[in-house]
Amino acid sequence: MAIDCLVLGAGQEVGKSCMVVSINGKRIMFDCGMHMGYTDSRRYPDFSLISKTGDFDNALTCVIVTHFHLDHIGALPYFTEVCGYKGPIYMTYPTKALAPLMLEDYRKNMDRRGEDEQFTSDHIAECMKKVIPVDLKQTVQVDKDLQIRAYYAGHVIGAAMFYAKVGDAAMVYTGDYNMTPDRHLGAAQIDRLQLDLLITESTYATTIRDSRYGREREFLKAVHNCVAAGGKVLIPTFALGRAQELCILLEDYWERMNLKVPIYFSAGLTIQANMYYKMLINWTSQKIKETYATHNAFDFKNVRNFDRSLINAPGPCVLFATPGMIVGGFSLEVFMQWAPSENNLVTLPGYCVAGTIGHKLMSGKPTKIDLDKDTQINVRCQIHQLSFSPHTDAKGIMDLVKFLSPKHAILVHGEKPKMATLKERIQSELGIQCYCPANNETVTIPSTHYVKADASGTFIRSCLNPNFKFSTRSSTDKSYLDSNKSKAVSRLSVSDDRATEGILVVEKGKKAKVIHQDEILHMLGEKKHEIQFAYCIPMPMARTEDLSSTSHMLCGFDKSTLISRLSMILSDELSEGNILDLGEELQVESFRVSVCSSDNCPHRLSSSLQNGSESVFFCCNWSVADEKLAWKIISIMKNSTL
């Protein structure tokens, strides 16, 4: 069996996360995001690759959304209400509560920019009616074969990694996650699972971030210096996630420093979001939960709602404006007004997708930005890029991959050259096969497949029978040490490995069964056929009597004596196999050797008769399984003297 992974988004890029995984006959879409850097057809995944006819209900078993960020959920209303998908959609309770706020805010921004409306408010509402919310670590049986389970991912409130299992094949899709806690969320947590595949984000594939406290000090210093000089601070961020994290940080700092500079939110969306955060306190960090009874961290005393008339009001302020990355909306409107002043500050708290104004600012401070052919923005303000991203860094990704130790890994949601570097690390350091597919590519990996089977009584008895292995090893006899002499002594070593081989039989309409290899012939009504090899080999004698025939040679020594001499020779020269002296015959595995008393043995080569009067002939026979061992013994016999 194989797992097929069709990448519809976030392949060698950050944006429009979407992957369709076919696992043991089930097809799951993980995330359904949009790309923040495009306004054309590249904005959404190419859904036609899932079904050419548009019959998405039969093409997909379910859709799973990891969290409410637009690059993971932004295309969902379009997919359900415009493309027509009516099947089940799974996400956590907080994601279902907060996703409509993000989607509606984005829809309004599209409307303000005069873009074609991709979906309406009614579409968002109808889409959310199809969602089935899940709890963390709740095993959900999607159908009789597919089960899924959500694990805490950190990143933003409600974000989850999802485990999916069909039969014996299992995988985890991480979405976005954070392996270190911050001020309002805990670190990602997941069980140690047996996985065929791990699909992980790789936004910071080569970055090792410094301590959280160092980043916080740098951020607060930049903000304080700006407002102390009378400047305005613009923090373009999405309404949910980093806004709350930074508000908690600024609120605490304002209280300690007794600052009176106003902190604003650009719209009522974040105020509304904070209401949900208070209700979803159990999804936050341990510290916030512990202090909730005496202090709700999301009650911001110094934060006010922002009125559009305050854009050019005199005096310092701090403004959180949506959307993040300055992709349009109110954050772009404020940026156009504040960017020309060198007293002002724009601080970018996290990752910015290529194609956005935020990305242009992070790539090197430009003096001018062309918004369109008629609009140019003069940029004289201060620019600070601060690593407050809720994504894990390279160490966190490696820690998760090592902890889960999947058979295969796929990297998504990252930049191509950095993903290639991380891929090499995973393969060289962890020994895990890793892939970095591009958009619209399919990766196929093998999956685990177990068969439950009965076992025959003969097979079980063969497993229980002793399976002795005899070997000799040399050691020094210490009794000779006093006389400054040593003697090599051969000692017998015995092992008993209870293992056997069987045959798996699968008959139509019957349960699979493991039987002993001897039973298969009876089952098929056939007789056993074995290929035996034979060879009659001469061994020279260590004496000079001239005897005329082999029969005369044997008069001087009985057969058991000759076999005993041969056993001693093989014991000294042969390191493998169990040498059994059976009196007039020697056995090593299937190889058997005995003294040949016939002058006309059919297995004797004519060339070996030249010195027959000085040799003893031994007849050897063996099965094909021990051919290598047999020729090694024959070689020892040819080069030895009795």
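Residues numbered from 1 in each chain as written. Predicted model: local features only at pLDDT ≥ 70, side-chain atom pairs only at ≥ 80, totals over all residues. Heavy atoms only, no water.

- Looking up the protein in an unreviewed UniProt entry gives the name Metallo-beta-lactamase domain-containing protein, with the organism given as Gossypium darwinii.
- Of the protein, the UniProt comment under Sequence similarities (unreviewed entry) reads exactly: "Belongs to the metallo-beta-lactamase superfamily. RNA-metabolizing metallo-beta-lactamase-like family. INTS11 subfamily."
- Recorded in UniProt under Subcellular location (unreviewed entry), the annotation for the protein is "Nucleus". (UniProt positions renumbered as here; feature names shortened; annotations may be inferred.)

A word on the overall build of the protein
Logical step 1: For the protein, the helix and strand inventory stands at 18 helices and 32 strands.
Logical step 2: Expected size for 642 residues packed as a compact globule is a radius of gyration near 26 Å; at 38 Å, the protein overshoots this value by more than 25%.
Logical step 3: Along the three orthogonal principal directions, the C-alpha set of the protein runs to about 125 × 70 × 55 Å.
Logical step 4: Looking at the protein as a whole, 51% of its 642 residues qualify as buried.
Logical step 5: Long-range pairs, those at least 24 residues apart, make up 71% of the contacts in the protein with a sequence separation of at least 6. (Helix = DSSP H or I, 4+ residues; strand = E, 2+ residues; numbered from the N terminus. Rg over C-alpha atoms; globule rule 2.2 N^0.38 Å. Buried < 20%, exposed > 50% of the residue type's maximum accessible area, 1.4 Å probe, protein only. Contact = heavy atoms within 4.5 Å.)

Observations concerning the sheet that holds strand E4 (residues 62-64)
Logical step 1: Read across the open sheet, the seven strands follow the order E6-E5-E4-E3-E2-E1-E22; overall the sheet is mixed. The open sheet is flanked by strand E6 (131-134) and strand E22 (442-446), the only strands paired with a single partner. Between one strand axis and the next, the sheet turns by 25° as a mean value, whatever way the strands run.
Logical step 2: Pairing geometry for strand E5 (residues 89-92) and E6, over four bridges, is parallel. Counted as the bridge partner of Ile-89 is Val-131 from E6. (Pairing = 2+ DSSP bridges. Axes fitted to C-alpha atoms, helices over the stretch in contact; angles between N-to-C directions.)

Focus on the domain arrangement of the protein
Logical step 1: Along its sequence, the protein is carved into domain 1 (1-206 + 388-444), domain 2 (211-383), domain 3 (450-463 + 499-527) and domain 4 (530-543 + 552-637).
Logical step 2: One C-alpha centre belongs to domain 2, the other to domain 3, and the line joining them spans 69 Å. (Domains from an automatic or database assignment.)

Looking at the packing of aromatic side chains
Logical step 1: Counted according to the given criterion, the structure contains 16 aromatic pairs.
Logical step 2: Between Tyr-277 and Phe-298 the ring centres are 5.1 Å apart and the planes differ by 65°, which places this aromatic pair in the edge-to-face class. Of the two residues, Tyr-277 sits in helix H8 (residues 268-279) while Phe-298 sits in the loop between helix H9 (286-291) and strand E14 (303-305), which places them 21 residues apart along the sequence.
Logical step 3: Judged by relative accessible area, which is 0%, Tyr-277 ranks as buried.
Logical step 4: Among the aromatic residues, those joined into a cluster by ring pairs are Phe-533, Tyr-535, Phe-591, Trp-622 and Trp-631. (Phe/Tyr/Trp six-rings, centres within 6.5 Å; stacked < 30°, edge-to-face > 60°.)

What to know about the side chain of Thr-356
Logical step 1: For Thr-356, the location among the structural elements is in the loop between strand E16 (345-348) and helix H11 (357-362).
Logical step 2: According to the relative accessible area criterion, Thr-356 is buried, its value standing at 2%.
Logical step 3: Polar side-chain contacts of Thr-356 include one of 2.7 Å to the backbone oxygen of Val-353.
Logical step 4: Within polar-contact distance, the side chain of Thr-356 engages the backbone nitrogen of His-359 at 3.2 Å.
Logical step 5: When neighbours within four sequence positions are excluded, Thr-356 is seen to be in contact with Met-36, Gly-37, Met-325 and Val-327. (Polar contact = N/O pair within 3.5 Å; in protein donor to acceptor, adjacent residues only side chain to side chain.)

Structural notes on helix H6 (residues 212-228)
Logical step 1: Between its first and last C-alpha, H6 extends 24 Å over 17 residues, near the 24 Å set by a 1.5 Å rise per residue.
Logical step 2: Residues of H6 that are buried include every one of Gly-214, Arg-215, Glu-216, Phe-219, Leu-220, Ala-222, Val-223, His-224, Cys-226 and Val-227, and no others.
Logical step 3: Check the buried side of H6 and you find it contacts strand E12 (232-236), helix H7 (242-257), strand E15 (317-321), E16 and strand E19 (382-385).
Logical step 4: Trailing H6 by a residue or two, Gly-230 shows a phi angle of about 90°, which is positive. (Expected span 1.5 Å × (residues − 1).)

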